[in-house]
Amino acid sequence: MPAKGKHRRPKPQRFTRSIAVAGTGGAALALPLMGATGAHAATTTSAPEKAVQSVPVVEKTATGKSTAAKSARVTTYSVKSGDYLSKIAEEQDVTGGWKKIYQDNREAIGGNPSLIHPGLKLSLGEKATTRGTDATKSSTSSGTSSSSSSSSKESSATQSADTTSTSTGYGLPVTGGTIGTGYRVAGSMWSSGYHTGVDFVVPTGTTIKAVAAGTVVSAAYDGAYGNEVVIRHADGEYSQYAHMSQLSVSAGQTVTEGQQLGLSGATGNVTGPHLHFEIRTTPYYGSDVDPVAYLRSHGVTVG
């Protein structure tokens, strides 16, 4: 029996150890799994936080760039003495010329693009910037894009209609002037025995404008006519503007309809400030034709 007892005791001891080893091994295996699960949970939690935090940074950067781009495109110009819109457009390299400047600053200039005065502030490129902003906004929504495109087309059509209905390529040499002495009025005060043009009664300093596009053939002082400008037009006729106080153009210069030629005055042989206006078949005295009939034949209302 003792021999059998000695033989039977070691079995439970070995079995107990194996269970302990197994228990120890199970615990060792469980720990890595828990650690791995914890690590995985930390990774999935931190990724969305980083993504969310990066969004405002991108938006702020884009907003900053947009603001800087707008500022770079807008220029303010202060009108100087002797300036006129086509001159400003050429010197400032404005795309669209003087009509673009007038279109963008119509509220500030008023109904007559030739009546600009020193110190007037003009915005160059403002409308172009607005259109660029509208285009950027429309790219984020197809509905907005369609609406903006439609509005732009309607606006362009309206502007074209306005230009066509109000411009025939000819206009009056002054705004708001009344005719004092008419054409062919007889009198000994004139060397020809009659008045060779018409006199527009306007105060000194009134803007004198080209009645049509053409080329300046003379711009200088001319005796009884005082400071005068003579322009040759596309139809071969010539227009003369006399007694001016100031000249804004020079011989050889190309001008557009409505462009400022200078300011009215009382230079030469006069009794008071006015604009003496003639239409001629040559640049010289004695080739005059009825200036009122000429303007009316080109769709201009006189008087």
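This structure is a prediction, so every number in the text was calculated from the model and none was measured. (Residues numbered from 1 in each chain as written. Predicted model: local features only at pLDDT ≥ 70, side-chain atom pairs only at ≥ 80, totals over all residues. Heavy atoms only, no water.)

> Report on the packing of aromatic side chains, specifying residues and quantitative values.
For the structure on display, the rule yields three aromatic pairs. The interplanar angle of 65° and the centroid separation of 6.3 Å between the aromatic rings of F200 and F277 together place this pair among those described as edge-to-face. One end of the pair, F200, is in strand β4 (residues 198-201); the other, F277, is in strand β11 (residues 275-280), and 77 residues separate them in sequence. F200 sits in the buried class, given a relative accessible area of 3%. With relative accessibility at 0%, the residue F277 sits in the buried group. Seen from their ring centres, Y241 and F277 are 5.4 Å apart, and the 55° between their planes marks the pair as tilted. On the criterion of sequence distance, the pair formed by Y241 in strand β8 (residues 238-247) and F277 in strand β11 is long-range, its members being 36 residues apart. By relative accessible area, which is 0% here, Y241 ends up buried. Through successive ring pairs, a cluster of aromatic residues spans F200, Y241 and F277. Of note, R184 hangs over the ring of Y194, and the distance from its end group to the ring centre comes to 4.0 Å. (Phe/Tyr/Trp six-rings, centres within 6.5 Å; stacked < 30°, edge-to-face > 60°. Helix = DSSP H or I, 4+ residues; strand = E, 2+ residues; numbered from the N terminus. Buried < 20%, exposed > 50% of the residue type's maximum accessible area, 1.4 Å probe, protein only. Lys NZ or Arg CZ within 6 Å of the ring centre and 35° of its normal.)

> Residue-level account of the pattern of salt bridges, with values.
For the coordinates displayed, the defined rule picks out two salt bridges. Its salt-bridge partner being K100, residue D104 comes within 2.4 Å of it at the nearest N-O pair. Of the two residues, D104 and K100 both sit in helix α4 (residues 97-104), four residues apart, roughly one turn of that helix. No difference in accessibility class separates D104 from K100, as the two residues are buried. (Salt bridge = Lys/Arg side-chain N within 4 Å of Asp/Glu carboxyl O.)

> Requested: an account of unusual backbone geometry, with residues and values cited.
Its identity as a non-glycine residue notwithstanding, D93 has a phi of 55°, on the positive side. Judged by relative accessible area, which is 67%, D93 ranks as exposed. Within the chain, H243 stands out as a residue other than glycine whose phi angle is a positive 70°. By the secondary structure assignment, H243 is in strand β8.

> Describe the pairing of β11, and please don't skip the residues or the numbers.
With six of six residues buried, β11 lies mostly within the body of the structure. The alternating pattern of β11 places L275, F277 and I279 on one face and H276, E278 and R280 on the opposite face, and all of these are buried. Note: β4 against β11, three bridges, orientation antiparallel. Within β11, the residue paired with D199 across the bridge is H276. Strand direction decides the pairing type here: β8 and β11, joined by five bridges, are antiparallel. Across the sheet, the residue bridging to Q240 is E278, located in β11. Pairing of β11 with strand β12 (residues 288-289), which is carried by two bridges, proceeds in the antiparallel orientation. Residue pairing for β12: I279 is matched across the bridge by V289. (Pairing = 2+ DSSP bridges.)

> With reference to specific residues and values, describe the pairing of β4.
Judged from the two bridges that link them, strand β3 (residues 178-179) and β4 form a sheet pairing that is antiparallel. Bridge pairing in β4 places T178 opposite V201.

> How would you explain the nonpolar core if you had to name every residue and give the values?
Core analysis: the largest hydrophobic core is formed by 25 residues, its most contacted members being V229, I231, Y241, L261 and F277. Every element with two or more residues in this core is listed here: β4, β7 (227-233), β8, β11 and α8 (291-297). With 13 residues, the next largest nonpolar core counts A89, I101, I116 and L124 among its residues. (Core = buried A, V, L, I, M, F, W, Y, C linked by side-chain atoms within 4.5 Å.)

> Summarise the environment of L172; cite the residues concerned and give the values.
On the secondary structure map, L172 appears in the loop between α7 (142-166) and β3. Separated by 36 residues in the primary sequence, L172 and I208 place their C-alpha atoms 9.1 Å from one another. Not counting residues within four places of it along the chain, the set of residues in contact with L172 comprises K209, V211, L295, V300, T301 and V302. (Contact = heavy atoms within 4.5 Å.)

> I'd like a description of the confidence of the model for the protein chain, backed by residues and values.
Per-residue confidence for the protein chain averages 73 on the pLDDT scale, and 60% of its residues sit at or above 70. Contacts for the low-pLDDT stretch residues 15-62, under 50 throughout, to residues beyond four places or in other chains number zero contacts. In this model, residues 66-72 is a region of pLDDT below 50 whose contacts with residues beyond four sequence positions or in other chains number two contacts. (pLDDT = per-residue confidence, 0-100.)

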